[in-house]
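Breakdown of the fold
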Amino acid sequence: MSADVIDGKEFSLRVRNKVAEGVAKLKKDYGVKPGLAVVLVGEDPASQVYVRSKGKQTVEAGMNSYEHTLDATTSESDLLKLISKLNEDPDVHGILVQLPLPGHLNEDLVINSIAPQKDVDGFHISNVGMLGTGQKSMVPCTPLGCLMMLRDYHGSLSGLDAVVIGRSNIVGKPMAQLLLGDSCTVTIAHSRTKDLKDVVKRADIVVAAVGRAEMVPGDWIKEGATVIDVGINRIDKPEGGTRLVGDVDYDSCSAVAGAVTPVPGGVGPMTIACLLANTLTAACRANNVEEPVGLTA
Ligand code: NAD
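In this convention, every chain numbers its residues from 1, walking through the sequence in written order. Confidence filtering applies because this is a predicted model: local features only for residues at pLDDT of at least 70, side-chain atom pairs given and counted only at 80 or more, and all residues used for totals across whole chains, interfaces and linings. Side-chain numbers here rest on the full set of heavy atoms in the structure, without hydrogens or water.

**Regarding the packing of helix α1 (residues 8-30) against helix α10 (residues 267-286)**
Worth spelling out the cut-off: Simply put, an axis is a line fit to the C-alpha atoms, just over the touching stretch for a helix, and the angle between two N-to-C directions goes from 0 to 180 degrees. Counting from the N terminus, the helices are DSSP H or I runs at least four residues long and the strands are E runs at least two residues long. Throughout this description, any angle smaller than 35 degrees is read as roughly parallel, any larger than 145 degrees as roughly antiparallel, any in the 65 to 115 degree range as roughly perpendicular, and the remainder as oblique. Here a crossing is taken to be left-handed if its near helix is turned anticlockwise relative to the far helix by less than a right angle, and right-handed if that turn runs clockwise. In what follows, residue pairs with any heavy atoms lying within 4.5 Å of each other are defined as contacts.
Direction vectors running N to C along α1 and α10 enclose 20°, while the axes themselves pass 9 Å from each other. In this view, α1 runs roughly parallel relative to α10, as classed from their interaxial angle. Here α1 and α10 pass one another in a crossing that is left-handed. Across the interface between the two elements, G8, K9, F11, S12, V15, R16, V19, G22, V23 and L26 from α1 touch P269, M270, A273, L276, A277, L280, A283 and C284 from α10.

**Some details on the sheet that holds strand β2 (residues 35-41)**
Formally: When DSSP locates at least two bridges between a pair of strands, those strands are taken to pair.
Taken in spatial order, the three strands line up as β3-β2-β4 in an open sheet, and their pairing is parallel. With partners counted over all chains shown, the strands left at the sheet margins are β3 (64-70) and β4 (94-97), one partner each. Going from strand to strand, the sheet's axes swing by 15° on average, the running direction of each strand aside. The strands that helix α3 (residues 76-88) touches are β2, β3 and β4; relative to β2, the one it contacts most, it runs at about 180°.

**Looking at the side chain of T281**
Note the following rule: When accessible area is computed with a 1.4 Å probe and restricted to protein chains, residues below 20% of their type maximum are described as buried, those above 50% as exposed, and intermediate ones as partly exposed.
As for its position among the elements, T281 is in helix α10. On the basis of relative accessible area, T281 is assigned to the buried category, the value being 1%.

**Regarding the environment of V51**
Following the sequence through the fold, V51 ends up in helix α2 (residues 45-60). Along the primary structure V51 and V38 are separated by 13 residues, whereas in three dimensions their C-alpha atoms are 7.1 Å apart. Not counting the four nearest positions on each side in its chain, V51 is found in contact with V38, L40, E67 and Q98.

**Comments concerning the pattern of salt bridges**
To keep things clear, this is the line we draw: Within this document, salt bridges are pairs made up of a side-chain nitrogen of Lys or Arg and a carboxyl oxygen of Asp or Glu, the two lying within 4 Å of each other.
Taken as a whole and assessed by the stated rule, the structure comprises 12 salt bridges. In this structure, the salt-bridge partner of K28 is D29, at a minimum N-O distance of 3.9 Å. Residue classification places K28 among the exposed positions, given a relative accessible area of 72%. On the basis of relative accessibility, which here comes to 38%, the residue D29 falls in the partly exposed class. Close ionic contact of D219 with K197 constitutes a salt bridge, the shortest N to O distance being 3.8 Å. With D219 in the loop between β7 (205-208) and β8 (226-229) and K197 in helix α8 (residues 196-201), this residue pair connects regions lying 22 residues apart in the sequence.

**A closer look at the domain arrangement of the protein chain**
Selection rule: Each domain span listed reflects an automatic or database assignment of domains.
What the domain assignment reports for the protein chain is domain 1 (31-116) and domain 2 (141-269). Taking only C-alpha atoms, the centre of domain 1 and the centre of domain 2 are 29 Å apart.

**Here we look at the site of the ligand**
So the rule is basically this: By convention in these notes, a residue is near a molecule or strand provided one of its non-hydrogen atoms lies within 4 Å of it. By the criterion applied in these results, polar contacts are pairs of N or O atoms within 3.5 Å in which, for protein atoms, one can donate a hydrogen and the other can accept it, and in which residues neighboring in sequence qualify only through two side-chain atoms. Each accessible area is a Shrake-Rupley result for a 1.4 Å probe, and residues are judged covered by the shown protein chains and nothing else. Charged residues are taken to be Asp, Glu, Lys and Arg, nonpolar residues to be Ala, Val, Leu, Ile, Met, Phe, Trp, Tyr, Cys and Pro, and polar residues to be all remaining types, Gly included.
The ligand sits among 22 residues. The nearest are R167, S168, V230, I232 and T271. Interatomic distance of 3.2 Å between a backbone N/O atom of S191 and an oxygen atom of the ligand. At 2.8 Å, a side-chain N or O of T271 approaches an oxygen atom of the ligand. In the complex, the protein chains occlude 71% of the 860 Å² of accessible area that the ligand would expose alone. Residue contributions to the shell around the ligand peak at three residues, all from α10. Looking at the shell around the ligand, its residues break down into 10 nonpolar, 10 polar and two charged.

Below is the structure:
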């Protein structure tokens, strides 16, 4: 058996097109142009790449992109002042503070200073609480992208056994909440889980979000299961140079699974697409306009 490949690149294009349509309609019918403000503190090269890419795709979707690049030594109070200004700015519908922040800044404090309705990363404690209690919230982009792909592939997820490997606040925990919201029977596995192979083996859906290269082999996967690989790991190639791999051993898993997301080209492209979707959602909610269907949880 060879698994279906869930093509995140193609799917993210569909999501971005849908966002662009929603943005055009919001502009035409209500005169509102959604705006996303991204705040970068310091000069971390990987963060700079992400921020540039986010800005480019925001503009391509027809939205305003506001980039705020601050010096690595910026004080907490100056950063909080900027966020407060963005919270008040009616042209800014989404605010994202690029993580990680330099060590002298308290990430929880900074994230919780963003107005929850503009928190397009879905990390504010109010959004975490609302997701956990099944209320309308801003949902973290990476798990939202995984959920969209799963819904697209399966239709209904109701009653399926899902195992999420990883319990981080940005991927594992919100992913589990979303799957629970779609009526899966959810297990969260982590570094202390006993008999991980047996736990994973009973799942109809496996979401791997660990950060360990190719740690999930094919013989952990139930035949026909759907495998969503969130991991992004850079490994050395035998012939020299490096390449990106996921948390799942792609070749052995795709011989057993029913469907699998590749790395690269799976979950990764969906994350920015969902950031754009969240910004449109925030702009619709701010203006009491009905949200486009299929872009939120
Ligand atoms: P994290 O380090 O915050 O969390 C990793 C989790 O894995 C922890 O909860 C830990 O308990 C669990 N874990 C560690 N070792 C384990 C083991 N041996 N067995 C079972 N569980 C184990 O990481 P994160 O931020 O959740 O990210 C996870 C991976 O996803 C990373 O590779 C990251 O780069 C990637 N990621 C990708 C995207 C994307 O857009 N595609 C977004 C976010 C994260």
